[in-house]
Amino acid sequence: MRKYFITGLLVLVPLAITLWVLNLIIGTLDQSLLLMPPSLRPESLFGFHLPGFGTILTLVIIFVTGLITQNFIGNRLLRLWELLLQRIPVVNSIYSSVKQVSDTLLSSSGNAFRKALLVQYPREGIWTIAFQTGVPGGDVRNHLEGDYVSVYVPTTPNPTSGFFLMLKREDTIELNMSVDEALKYIVSMGVVAPPQKKPDAAPRTAQRIEP
């Protein structure tokens, strides 16, 4: 009896969590319908709420925005819009910070989260997985002697929160696994381990990332 119950949980729990996450995402994206006039919303056109319609609208808005900003006129409008936001005291701080982070994380030429590392944290002898995000910059670099790297140590099972650390490059080990594999390993609390690969002939260390 207990065996069948656990088997049922193993089948239904992942499915229930997947549906819950999808419902949360779709429900959030459907808020874009509030931008439309009430007469053009699904409730008025079809007489009932149509889940996912706002998600499609959101994806279309994102695609059209990217398409427009790729040409000369759209790029100029984007620059004017950013100059306008930079003149607003509070908005300028928030927008500039968020834009720098999003450019680093989403840009195809960025270096953030490109390598999975093995580091000792929170003390020597205890190892965990971290992601290399770059190298220390600004005035921080003036106070660090040697070759340091910036890393992000995510928490389990929620990797969206974590700790930002600056470690000596020699104290980190570059793992022979992709970022996706490392994230699955972290989220599953070590249950879903990535396939074991043959180690390189030489010890793997984090490669230098130019600031």
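Note that the structure is a prediction, hence the values are computed from the model and not measured.

**Re the packing of aromatic side chains**
Then, in step 1: The full count for this structure, using the stated rule, is one aromatic pair.
Then, in step 2: Considering the side-chain rings of Tyr121 and Phe163, the 5.7 Å spacing of their centres and the 40 degrees angle between planes classify their relative orientation as tilted. With a gap of 42 residues between them, Tyr121 in the loop between strand S1 (115-120) and strand S2 (127-134) and Phe163 in strand S4 (residues 162-168) connect regions that are remote in the sequence.
Then, in step 3: On the basis of relative accessibility, which here comes to 24%, the residue Tyr121 falls in the partly exposed class.
Then, in step 4: Looking at Phe163, the relative accessible area reads 41%, which means it is partly exposed.

**With respect to the pairing of S2**
Then, in step 1: Examined bridge by bridge, S1 and S2 share six bridges and lie antiparallel to one another. Paired with Leu117 across the bridge in S2 is Ala130.
Then, in step 2: Taking the residues that link successive antiparallel strands as the turn, the S1-S2 hairpin has six residues, and the phi of Gly125 there is positive, at about 100 degrees.
Then, in step 3: By the bridge criterion, three bridges tie S2 to strand S3 (residues 148-154) in an arrangement that is antiparallel.

**Observations concerning a nonpolar patch on the surface**
Then, in step 1: Where nonpolar side chains cluster on the molecular surface, the patch consists of Phe5, Ile6, Leu9, Leu10, Val13, Ile17, Trp20, Val21, Leu24 and Ile25 and spans about 970 Å² of accessible area.
Then, in step 2: Looking at the element boundaries, Val13 is found in helix H1 (residues 2-29).

**Some details on the pairing of S3**
Then, in step 1: Counting buried positions along S3 yields seven of seven residues, so the element is predominantly enclosed.
Then, in step 2: Residues Tyr148, Ser150, Tyr152 and Pro154 of S3 are buried on one face, and the alternating residues Val149, Val151 and Val153, pointing to the opposite face, are buried as well.
Then, in step 3: In the sheet, S3 pairs with S4 via seven bridges, with the strands oriented antiparallel. By the bridge assignment, Tyr148 is partnered in S4 with Lys168.

**Considering the nonpolar core**
Then, in step 1: Among the nonpolar cores identified, the biggest contains nine residues, and these are Ala116, Ile129, Phe131, Tyr152, Leu175, Met177, Val179, Ala182 and Ile186.
Then, in step 2: Contributing elements (two or more residues each) for this core: S2 and helix H6 (179-187).
Then, in step 3: Broken down by element, this core gets its largest block of residues, three residues, from H6.
Then, in step 4: In this view, Met177 contacts Ala116, Ala182, Pro194 and Lys197; residues no more than four positions away in its chain are not counted.
Then, in step 5: The next biggest cluster of nonpolar side chains, apart from the first, holds eight residues, and it includes Leu117, Val119, Val153 and Leu167.

**Thoughts on the side chain of Ser188**
Then, in step 1: With respect to the helices and strands, the residue Ser188 is situated in the segment after H6.
Then, in step 2: The class of Ser188 is buried, set by a relative accessible area of 15%.
Then, in step 3: Among the polar contacts listed, one links the side chain of Ser188 to the backbone oxygen of Lys184, at a separation of 2.8 Å.
Then, in step 4: In terms of polar contacts, Ser188 uses its side chain to reach the backbone carbonyl oxygen of Tyr185, at 3.3 Å.

**Observations concerning helix H3 (residues 53-69)**
Then, in step 1: Between its first and last C-alpha atoms H3 spans 25 Å; for 17 residues at 1.5 Å apiece the expected length is 24 Å, and the two agree.
Then, in step 2: Looking at the packing, one finds that the buried side of H3 touches H1.

**Description of H1**
For an α-helix the count is 3.6 residues per turn, leaving residues at separations of three or four pointing the same way.
Then, in step 1: Taking 1.5 Å per residue, 28 residues should reach 40 Å; H1 reaches 40 Å between its end C-alpha atoms and fits that length.
Then, in step 2: At Leu12, H1 shows its largest bend, some 25 degrees, and a proline, Pro14, comes one to four positions later.

**Some remarks on the confidence of the model for the protein chain**
Then, in step 1: Here the protein chain averages 82 in pLDDT, while 88% of its residues score no lower than 70.
Then, in step 2: Counted against residues more than four places away or in other chains, residues 206-211, with its pLDDT under 50, gives 19 contacts.

**Some words on the pattern of salt bridges**
Then, in step 1: Summed over all chains, the structure comprises one salt bridge.
Then, in step 2: Between Arg169 and Asp147 there is a salt bridge; the shortest N-O distance is 2.6 Å. Placement of the pair is Arg169 in the loop between S4 and strand S5 (173-174) and Asp147 in the loop between S2 and S3, with a sequence separation of 22 residues.
Then, in step 3: Using a relative accessible area of 8% as the deciding quantity, one classes Arg169 as buried.

Here is what the cut-offs are and how they apply
Residues numbered from 1 in each chain as written. Predicted model: local features only at pLDDT ≥ 70, side-chain atom pairs only at ≥ 80, totals over all residues. Heavy atoms only, no water. Phe/Tyr/Trp six-rings, centres within 6.5 Å; stacked < 30°, edge-to-face > 60°. Helix = DSSP H or I, 4+ residues; strand = E, 2+ residues; numbered from the N terminus. Buried < 20%, exposed > 50% of the residue type's maximum accessible area, 1.4 Å probe, protein only. Pairing = 2+ DSSP bridges. Patch = residues over 30% accessible without salt bridge, like charges linked within 9 Å, V, L, I, M, F, W, Y side chains within 5 Å. Areas by Shrake-Rupley, 256 points an atom, 1.4 Å probe, with all protein chains shown as cover. Salt bridge = Lys/Arg side-chain N within 4 Å of Asp/Glu carboxyl O. Core = buried A, V, L, I, M, F, W, Y, C linked by side-chain atoms within 4.5 Å. Contact = heavy atoms within 4.5 Å. Polar contact = N/O pair within 3.5 Å; in protein donor to acceptor, adjacent residues only side chain to side chain. Expected span 1.5 Å × (residues − 1). Bend = angle between axes of the 7 residues up to and from the residue. pLDDT = per-residue confidence, 0-100.

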